[in-house]
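In case you want the letters, here they are:
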Amino acid sequence: YCFYYLYKNSPMKKTTLLIFANCFLIFSCSSTRNIDQFQKIQYKSITRGYSTQILLVGDTLKYFQNNNEALSLFVSKEVKNSLNELLKEAHPETIDLLKAPSNKFQYDGAMHTTLEVIWNGKTYKSAGFDDDNPPKKLNSFINFLLSLVQ
């Protein structure tokens, strides 16, 4: 009723109508969906004399062996969506709470591995785990990530 009153009593009816129509469009179309996604994934494994690292930022995946870049790949939107889904299932905000199922990395029986993720603008880092035995919640995500560099 308020808009109708302003419209009827305004000498510039078309201008008033356009202003209200634009305001309506701006406020109704500005609702953005919050899409869960990563901005960075860093997977590091290290032991005496050897290290590997997978770094995924934007559309570029880089694989390092002993701090030397061994591979650089373009990552498609489909692969990124798969990674996002697997990561979402793993609940990245809780990866720092996950316990390693084994601790062979403590005596050089396996590579000491960590996973760091920037998810929706926040950084999450796992505790150390064996490269061949990640926490169950991260298993499918890490296997998929590793398959990208093999």
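A. Representation of the overall build of the chain within the structure. Counting its secondary structure elements, the chain contains four helices and seven strands. Each helix and strand of the chain, placed in order from N terminus to C terminus, yields the pattern α-α-β-β-β-β-α-β-β-β-α. Counting every position in the chain, which comprises 150 residues, the buried fraction comes to 29%. A separation threshold of at least 6 residues defines the contact pool for the chain, and within that pool the share at least 24 residues apart is 52%. Summed over all atoms, the accessible surface of the chain reaches about 10,000 Å², with 55% contributed by carbon and sulfur.

B. Molecular detail of the side chain of Ser45. Relative to the elements of secondary structure, Ser45 occurs in strand E1 (residues 38-47). Among the polar contacts listed, one links the side chain of Ser45 to the side chain of Thr113, at a separation of 2.8 Å.

C. Main features of the environment of Thr113. With respect to the helices and strands, the residue Thr113 is situated in strand E5 (residues 112-119). Among the residues examined, Thr113 registers a relative accessible area of 0% and is labelled buried. For Thr113 and Lys44, which are 69 residues apart along the polypeptide, the C-alpha to C-alpha distance reads 5.4 Å. Setting aside anything within four residues of it in sequence, one finds Thr113 in contact with Tyr43, Lys44, Ser45, Ala127, Gly128, Phe129, Asp130 and Asp131.

D. Layout of helix H4 (residues 136-147). Its twelve residues give H4 an end-to-end C-alpha distance of 17 Å, which sits within 8% of 16 Å, the value for a rise of 1.5 Å per residue. Every buried residue of H4 is listed here: Leu138, Phe141, Ile142 and Leu145. Buried residues of H4 fall within an arc of 100° about the axis and therefore sit on the same side. Turning to H4, the residues buried within the fold contact E1, strand E2 (50-57), strand E3 (60-65), helix H3 (77-90), E5 and strand E7 (129-130).

E. Main features of the nonpolar core. Membership of the largest hydrophobic core comes to 24 residues, with the highest contact counts inside it found for Phe38, Phe141 and Leu145. Of all the secondary-structure elements, those providing two or more residues to this core are E1, E2, E3, H3, E5 and H4. Leave out the neighbours within four places in its chain, and Leu145 touches Ile41, Tyr43, Ile54, Leu61 and Leu83.

F. Structural context of the pattern of salt bridges. Under the criterion given, the structure shown has four salt bridges. For Lys62, the salt bridge goes to Glu69, with nearest N and O atoms at 3.7 Å. Glu69 sits in the partly exposed class, given a relative accessible area of 44%.

The rules behind these values
- Residues numbered from 1 in each chain as written.
- Predicted model: local features only at pLDDT ≥ 70, side-chain atom pairs only at ≥ 80, totals over all residues.
- Heavy atoms only, no water.
- Helix = DSSP H or I, 4+ residues; strand = E, 2+ residues; numbered from the N terminus.
- Buried < 20%, exposed > 50% of the residue type's maximum accessible area, 1.4 Å probe, protein only.
- Contact = heavy atoms within 4.5 Å.
- Areas by Shrake-Rupley, 256 points an atom, 1.4 Å probe, with all protein chains shown as cover.
- Polar contact = N/O pair within 3.5 Å; in protein donor to acceptor, adjacent residues only side chain to side chain.
- Expected span 1.5 Å × (residues − 1).
- Arc of directions from axis to C-beta.
- Core = buried A, V, L, I, M, F, W, Y, C linked by side-chain atoms within 4.5 Å.
- Salt bridge = Lys/Arg side-chain N within 4 Å of Asp/Glu carboxyl O.

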